[in-house]
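# Examination of the molecular architecture
Okay, here's what each chain looks like letter by letter:
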Protein chains: 2
Amino acid sequence: MILCDIGNTSVDLFRDGQRIKLSLDEFDPGSIDVDIYYVSVNAFFNERIQNHPNWHDLRELIDWDKYYPTMGIDRIMVCEAVETGVIVDAGSAITVDVMGGGIYQGGFIALGLRTAQEAYGRLSPALNMSFNFEVDLAKMAKNTPDALTVGFLAPLIFKIESLGKPIYVTGGDAVLLSRFFSEAVVDEDLIFKGMIKLIEKGVKC
Amino acid sequence: MILCDIGNTSVDLFRDGQRIKLSLDEFDPGSIDVDIYYVSVNAFFNERIQNHPNWHDLRELIDWDKYYPTMGIDRIMVCEAVETGVIVDAGSAITVDVMGGGIYQGGFIALGLRTAQEAYGRLSPALNMSFNFEVDLAKMAKNTPDALTVGFLAPLIFKIESLGKPIYVTGGDAVLLSRFFSEAVVDEDLIFKGMIKLIEKGVKC
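This one's a predicted model, so the numbers in the text were calculated from it and none came from an experiment.

### Focus: the overall build of chain A
Per the secondary structure count, chain A includes six helices and ten strands. Per-residue burial over chain A gives 40% buried out of 205 residues. Considering only contacts within chain A whose residues lie at least 6 apart along the sequence, 40% involve residues at least 24 apart.

### Some thoughts on the domain arrangement of chain A
You can read the domains of chain A as domain 1 (2-61) and domain 2 (82-186). The C-alpha centroid of domain 2 of chain A is placed 29 Å from the C-alpha centroid of domain 1 of chain A.

### Topic: the pairing of strand β1 (residues 2-6) of chain B
Each regular strand shows side chains that alternate between the opposite faces of the sheet. All names here are of chain B. Counting buried positions over the five residues of β1 gives four, a clear majority of the element. Of the strand pairs in this sheet, β1 and strand β4 (residues 36-40) are connected by five bridges, and their pairing is parallel. Bridge assignment links C4 to a residue of β4, and that residue is Y38. Two elements, β1 and strand β2 (residues 10-15), share four bridges in a ladder whose sense is antiparallel. Residue D5 lies in a different strand from β2, and its bridge partner there is D12. The antiparallel pairing of β1 with β2 creates a hairpin that spans three residues between the two strands.

### Quick look at the pairing of strand β3 (residues 18-23) of chain B
Residue and element names in this part refer to chain B. For β3, the buried fraction is low: zero of the six residues fall into the buried class. Two elements, β2 and β3, share six bridges in a ladder whose sense is antiparallel. By the bridge assignment, S10 is partnered in β3 with S23. Once β2 ends, the chain turns through two residues before running back antiparallel as β3, passing D16 with a positive phi of about 50°.

### Some remarks on the packing of helix α4 (residues 144-162) of chain A against helix α4 (residues 144-162) of chain B
Between α4(A) and α4(B), whose axes approach to 8 Å, the crossing angle comes to 90°. By the angle between their directions, the pair α4(A) and α4(B) is classed as roughly perpendicular. Residues A154(A), P155(A), L156(A), F158(A), K159(A) and S162(A) of α4(A) form the contact with α4(B), whose participating residues are A154(B), P155(B), L156(B), F158(B), K159(B) and S162(B). Split by residue class, the contact of α4(A) with α4(B) holds eight nonpolar, two polar and two charged.

### Notes on the sheet that holds β1(B)
Residues and elements named next belong to chain B. Overall, mixed pairing links the five strands, which are arranged β3-β2-β1-β4-β5 in an open sheet. Edge positions in the sheet fall to β3 and β5 (55-57), since each of these pairs with one other strand and no more. Direction aside, neighbouring strands of the sheet carry axes that sit 25° apart on average.

### Concerning unusual backbone geometry
Within the chain, D16(A) stands out as a residue other than glycine whose phi angle is a positive 50°. Along the chain, D16(A) turns up in the loop between β2 (10-15) and β3 (18-23).

### Some remarks on the interface of chain B and chain A
Between chain B and chain A, the contact holds 36 residues from the first and 36 residues from the second. Of all the secondary structure elements, the ones that give two or more residues to the side of chain B that touches chain A are β7 (93-100), β8 (103-111), α3 (113-123) and α4 of chain B. With twelve residues, α4(B) is the single largest residue contributor to the side of chain B that touches chain A.

### A word on the relation of the copies chain B and chain A
Superposing chain B onto chain A takes a rotation of 180° combined with a translation of 0.0 Å along the rotation axis, leaving an RMSD of 0.0 Å. The superposition of one copy onto the other is thereby described by a two-fold rotation axis. No C-alpha of chain B lies nearer the rotation axis than that of P155(B), which sits 2.3 Å from it.

### A closer look at the nonpolar core
In this structure, V88(A) and V88(B) are the most contacted members of the largest nonpolar core, which totals 123 residues. Setting aside anything within four residues of it in sequence, one finds V88(A) in contact with I94(A), V96(A), I160(A), I167(A), Y168(A), V169(A) and L177(A).

### So, the sheet that holds strand β9 (residues 167-170) of chain B
All names here are of chain B. With mixed pairing, five strands are arranged side by side in an open sheet as β8-β7-β6-β9-β10. Edge strands, defined here as strands with exactly one partner in the open sheet, are β8 and β10 (185-186). Two elements, strand β6 (residues 85-90) and β9, share four bridges in a ladder whose sense is parallel. Note on β9: the bridge partner recorded for I87 is Y168. Helix α2 (residues 73-80) contacts β6, β7, β8 and β9 of the sheet and is inclined by roughly 140° relative to β6.

### Some points on the packing of helix α3 (residues 113-123) of chain A against α3(B)
Their axes nearest at 10 Å, the elements α3(A) and α3(B) cross at an angle of 125°. Classified by the interaxial angle, the pair formed by α3(A) and α3(B) is oblique. Handedness of the α3(A)/α3(B) crossing: right-handed. On α3(B), the residues touching T115(A), A119(A) and L123(A) of α3(A) are T115(B), A119(B) and L123(B). For the contact of α3(A) with α3(B), a count of residues per class yields four nonpolar, two polar and no charged.

What counts as what
Residues numbered from 1 in each chain as written. Chains lettered and ligands numbered in written order. Predicted model: local features only at pLDDT ≥ 70, side-chain atom pairs only at ≥ 80, totals over all residues. Helix = DSSP H or I, 4+ residues; strand = E, 2+ residues; numbered from the N terminus. Buried ≥ 20, exposed ≤ 12 C-beta atoms within 10 Å, placed from the backbone. Contact = placed C-beta atoms within 7 Å. Domains from an automatic or database assignment. Pairing = 2+ DSSP bridges. Axes fitted to C-alpha atoms, helices over the stretch in contact; angles between N-to-C directions. Parallel < 35°, antiparallel > 145°, perpendicular 65-115°, else oblique. Nonpolar A, V, L, I, M, F, W, Y, C, P; charged D, E, K, R; others polar. Least-squares fit on C-alpha atoms with pLDDT ≥ 70 in both. Core = buried A, V, L, I, M, F, W, Y, C linked by C-beta atoms within 7 Å. Left-handed = near helix turned anticlockwise from the far one by under 90°.

In structure tokens:
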């Protein structure tokens, strides 16, 4: 069984615990002739694979009553991976979702680290600088890079920790972000774990 | 005595508790012939008033050891207005500064409401929507506008309230933001109150 996460520009394949990331442009869905389960945020790609019966859209296995209609499919997948906890997916946006006993409790969307940094830079040349990831978020800042980093990260981290559940961090900035939590599990394969759980449930039903 | 806050595009004049906002383009510094005390973030304007001896730059009265060199002059002024408290200046950025017994404790800079909204919109058409200012920040969200509003505001408001000091809110979005605090003083003239205090201290010395 192969799992596949289709983004807007890349394809992330998962087989036997191994991941391969490919550019979407260079990827031919016909090159895979075994069963493959996928999630996709890419409408153009979805059309391309209409004629490949071995490609199975996991969207069809989701219990949509648990989530909400416009919720990103990748958010749902990471939620499916966790029974109880806060799932933080740190990419171009940082999605934060809460699961309790397998029930979706809701969540929120913050800007991603780079997105936030760019937004500060756009605001004023004086704020166009990199975050200081060595900063102590417990302290108020007394210089500009620290003021931006604390301004963006301290509220977010504090809010996530206040939710009082085990924290799971995934996504491209998982390692960077995780260092600010007093305790968190970094799991870069969370989306695939959610996909596997969903397939197992679907097969059981 | 007239007070004046010079921005990049506008001039804010304050006299006997009355405010007048003018476009910088249409404003002639020579039109004022009494003593005027100002703060300015506008280097071009600063050059224009070099030859007007009745214009007094409040930058010269600031005790810079209390603050930090790149700190915005408008942040310093609102801090000067408050002996003990958290000062939230909600404009294109939201600056948050803590004063304790007249001593600056540090602060941080968050994105402004519109700036954050624009940054979400730039990220994805699916996130290009207005915040829902009616949302309950204590709840996790289950739709996209709420997820963005909670994602941006809940961490910020929660962090500011956790600072455990009286909250003063000023700036263009003061009224909008203040409704999310359980208790806060909205004071749109805070910058001018800080300027008056600074002038009084300067005269006393």
